[in-house]
Amino acid sequence: MIELLRRLIQRSDRESSAAQGIRAAADAAQEAMLICGADDKVVHANAAAADMFGRASGDLTGSELRDLVAYAPDSGVGQAVSATALSVGSGEIPVEFVRRPLDIPDGGFWAVSIRDLGERNRLAEEAALARDQAKAANKSRSEFLAMMSHELRTPLNVVIGYSEIIKGETFG
């Protein structure tokens, strides 16, 4: 009986150590990370997730994943999918999220990685705007050069004609 208790304590220590390691890894991540149980309830959230959802990390614990991220059932397992995060302060945020099963002795846990696409979308819009402005500036430059070329050619043709007359001494 004592041997059985000792084995159970050792197993509990190993499981506790694995869980602590996973929490530490989630906390070190720069993007939002949630650890969810098999029932899709949050058991741990890192600081980036708390910032994204506009809540304290402890307030996210116990929340349903569906209350935080709107996604299709069984989507995001092993691959990134687009979804919408529901933030307290910011409202709906376009995100990309991935769920991966965690291989720990307790089993039934998921690591959920959530990346805010709002910043990426904003940067893409800024790049498109800058590209459009550069195209417009290039078009304006080309039109200006074409017009100036024409405006300079006309009087220069007169000067060239007079210089040919003077050169050929063909005075009337």
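Keep in mind that what you see is a predicted model, and the values were worked out from it rather than measured.

A. Representation of a nonpolar patch on the surface. A grouping of Phe 144, Leu 145, Met 147, Met 148, Leu 152, Leu 156, Val 159 and Ile 160 is seen on the molecular surface, where their side chains present a nonpolar patch of about 740 Å² in accessible area. You can see Val 159 is positioned in helix H5 (residues 118-168).

B. Spotlight on the environment of Val 88. Here Val 88 lies in the loop between strand E4 (81-87) and strand E5 (91-101). When the C-alpha positions of Val 88 and Asp 51 are compared, they lie 9.9 Å apart, and in sequence the two are 37 residues distant. Among all residues touching Val 88, those that are not within four sequence positions of it are Phe 53, Gly 54 and Arg 55.

C. The sheet that holds E4, seen in detail. The sheet built from six strands is open, its strands ordered E2-E1-E6-E5-E4-E3 with antiparallel pairing. The strands lining the two open edges of the sheet, one partner per strand, are strand E2 (42-45) and strand E3 (69-70). Of the pairings in the sheet, the one linking strand E1 (residues 32-36) to E2 comprises three bridges and is antiparallel in character. Bridge pairing in E2 places Leu 34 opposite Ala 45.

D. Inspection of the nonpolar core at higher detail. Core analysis: the biggest nonpolar cluster contains 22 residues, and Leu 34, Phe 53, Val 69 and Ile 114 have the highest contact counts within it. Contributing elements (two or more residues each) for this core: E1, E2, helix H2 (47-53), helix H4 (65-68), E4, E5 and strand E6 (110-116). Excluding residues within four positions of it along the chain, Val 69 makes contact with Phe 53, Ala 83, Thr 84, Ala 85, Val 95, Phe 97 and Ile 114. Ranked by size, the runner-up nonpolar core spans six residues in total, among them Ala 26, Met 33, Ile 35 and Leu 102.

E. Spotlight on the environment of Cys 36. Mapped onto the elements, Cys 36 comes out in strand E1. You can call Cys 36 buried: its relative accessible area is 0%. Expressed as a C-alpha distance, the spacing of Cys 36 and Gly 62, which sit 26 residues apart in the sequence, is 8.9 Å. With residues near it in sequence (within four places) discarded, Cys 36 still touches Lys 41, Val 42, Val 43, Leu 65, Gly 108, Phe 109, Trp 110 and Val 112.

F. Here's a closer look at the packing of aromatic side chains. The full count for this structure, using the stated rule, is zero aromatic pairs. The ring of Trp 110 carries the charged tip of Arg 99 above its face, separated from the ring centre by 4.9 Å.

G. Region of interest: the pairing of E5. Of the pairings in the sheet, the one linking E4 to E5 comprises seven bridges and is antiparallel in character. Counted as the bridge partner of Val 81 is Phe 97 from E5. Relative to E6, E5 runs antiparallel, the two being bridged by seven bridges. Within the sheet, the bridge partner assigned to Glu 96 lies in E6 and is Arg 115.

Each value, and the rule that gives it
Residues numbered from 1 in each chain as written. Predicted model: local features only at pLDDT ≥ 70, side-chain atom pairs only at ≥ 80, totals over all residues. Heavy atoms only, no water. Patch = residues over 30% accessible without salt bridge, like charges linked within 9 Å, V, L, I, M, F, W, Y side chains within 5 Å. Areas by Shrake-Rupley, 256 points an atom, 1.4 Å probe, with all protein chains shown as cover. Salt bridge = Lys/Arg side-chain N within 4 Å of Asp/Glu carboxyl O. Helix = DSSP H or I, 4+ residues; strand = E, 2+ residues; numbered from the N terminus. Contact = heavy atoms within 4.5 Å. Pairing = 2+ DSSP bridges. Core = buried A, V, L, I, M, F, W, Y, C linked by side-chain atoms within 4.5 Å. Buried < 20%, exposed > 50% of the residue type's maximum accessible area, 1.4 Å probe, protein only. Phe/Tyr/Trp six-rings, centres within 6.5 Å; stacked < 30°, edge-to-face > 60°. Lys NZ or Arg CZ within 6 Å of the ring centre and 35° of its normal.

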